[in-house]
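Summary of structural features
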Amino acid sequence: MENLSDYTRLGAVCKPWRTAFVGLPRPLHLRFPLLFLSSRTTINSDNAPDHALYSPFERKVHPVKLPDRPRPERCIGSSSDGWVCMIDDDGLDIYLFNPFSGVVVHLPCLFGDENLFKAVWSAKPTDPDFIIVLFKLDPHSLVYCRTGDAQWTFMHNSLRLADLKCVSDAIFYKEKLYVLEDEEGRIVAVDLLHQEVEEIWIPKLVDSVFPIGFKRMYLAAGPSGLLFIARQKQFSTYEWQGMDVQLQTGGFRIFEFDETMTKWKERESLGDGMLFLGLNASMWLSSSNFQQCKGNSIYFTDDSSYNNTFCYSFEKNKTCLPTLGLDSGVFQLQDRSFDSIIYGHDMKLLYPNTVWVVPNP
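Residues numbered from 1 in each chain as written. Predicted model: local features only at pLDDT ≥ 70, side-chain atom pairs only at ≥ 80, totals over all residues. Heavy atoms only, no water.

An unreviewed UniProt entry annotates the protein as KIB1-4 beta-propeller domain-containing protein originating from Acorus calamus.

Re the overall build of the protein
A tally of regular secondary structure across the protein gives six helices and 27 strands. Within the protein, buried positions represent 56% of all 361 residues. Relative to all contacts within the protein whose residues are 6 or more apart in sequence, the contacts with residues 24 or more apart total 52%. Carbon and sulfur atoms make up 51% of the accessible area of the protein, which totals about 16,200 Å². (Helix = DSSP H or I, 4+ residues; strand = E, 2+ residues; numbered from the N terminus. Buried < 20%, exposed > 50% of the residue type's maximum accessible area, 1.4 Å probe, protein only. Contact = heavy atoms within 4.5 Å. Areas by Shrake-Rupley, 256 points an atom, 1.4 Å probe, with all protein chains shown as cover.)

Considerations on the sheet that holds strand S9 (residues 131-136)
One key point about sheets: their strands pair by backbone hydrogen bonds, in either a parallel or an antiparallel sense. Spatial strand order, S8-S9-S10-S11: four strands in an open sheet with antiparallel pairing. Of all strands in the sheet, those bounded by a partner on one side alone are strand S8 (116-121) and strand S11 (153-154). Pairing geometry for S9 and strand S10 (residues 141-146), over six bridges, is antiparallel. Within the sheet, the bridge partner assigned to Ile132 lies in S10 and is Cys145. (Pairing = 2+ DSSP bridges.)

Things to note about the environment of Leu37
Inspection of the secondary structure assignment puts Leu37 in strand S1 (residues 34-43). Assessed through its relative accessible area of 0%, Leu37 is described here as buried. Sequence separation between Leu37 and Cys75 is 38 residues; the distance between their C-alpha atoms is 8.7 Å.

A short note on the sheet that holds strand S26 (residues 337-339)
As summarised here, the arrangement of the five strands in space is S23-S22-S24-S25-S26, forming an open sheet in which the pairing is mixed. The strands lining the two open edges of the sheet, one partner per strand, are strand S23 (283-286) and S26. Mean inter-strand twist for the sheet, computed between neighbouring axes without regard to direction, equals 25°. (Axes fitted to C-alpha atoms, helices over the stretch in contact; angles between N-to-C directions.)

Regarding the environment of Thr153
Of note, Thr153 is situated in strand S11. On the accessibility criterion, Thr153 (27% relative accessible area) is partly exposed. Taking the C-alpha atoms as reference points, Thr153 and Val143, 10 residues apart in sequence, are found 5.3 Å from one another.

A short note on the pairing of strand S25 (residues 329-332)
Here is the key point about a regular strand: its side chains alternate between the two faces of the sheet. Along S25, one buried face is formed by Gly329 and Phe331 and the opposite face, lined by Val330 and Gln332, is buried too. For strand S24 (residues 297-300) and S25, the ladder comprises four bridges, and the chain directions are antiparallel. In the sheet register, Phe300 faces S25, and the bridge partner there is Gly329. Sheet topology places S25 next to S26; three bridges connect them, and they run antiparallel. Across the sheet, residue Val330 finds its bridge partner in S26, namely Asp339. Here S25 hands over to S26 after four residues, with Arg336 in that stretch at a positive phi of 55°.

Structure representation (structure tokens):
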């Protein structure tokens, strides 16, 4: 089988077929990260909204059937393990879903908290050491739960992180959760297993990266260490009701943490590496496994927290902004140029935000 749709349909038939599907070898082009599109973006043959996976490698859209739910849903996270985290617009229903196998793992309810904008987790949700962390936008805070937990734990209260403001990103790296803060420019390494906290301060780095304009910051794990990525955001010329409302990416800068000297060094190149940034847990892949792809590149999606948490109110009133979610593309570090990741498809409204997910049953 050479088509991703064949694999997803096979894995969703039944449990025995899914078991057989897991062991099937897949061509390399079917292992390249895909864009998980929401039901508001795609329209199926019956003229009804549906979820889908878009393959930049194949330049094809593959329909995905989610479990039936009473309320509209959005994706707030994905991983290299093939899973996505779904939440309804009222925050009542939260679950992890594998679009390639159809497996669902239910998570505790947060009692109607719709201000969640991102999720990261430590391992496959079927693993015993699984921990998932959710970012709350207003007020800024983190909650987490483990396998078997009946409710969420507020990390600020349990680990004395009350002064942590404006969380920008977090990843699990070397068995710890690394949390990146926007305002103060620090990274907090949290050992959830032993309830320990360690801080790494980077205020001068944050202030000097893009001194003018808006910034969006990420953490990623490269082959040689922890990476800090700064994304410059600037207003485009698009106007809506007399206002410039669309922020567009103007460039990236990448820094790697030198653990021996405990300082950050800027990287001018990723070599054959590719970074995938957005609402997903940041991922690094080698382009040597994908002949049609260029290394030294950053694949990015629009991950505005405002877009993904509040704009459903615009949608309900039929006034949703027509350019939401379009700040996506590929950034080439060698010549600092941009390219598109959506080809030949009428996707004028990418809302809620798309996320990268690696095909993995």
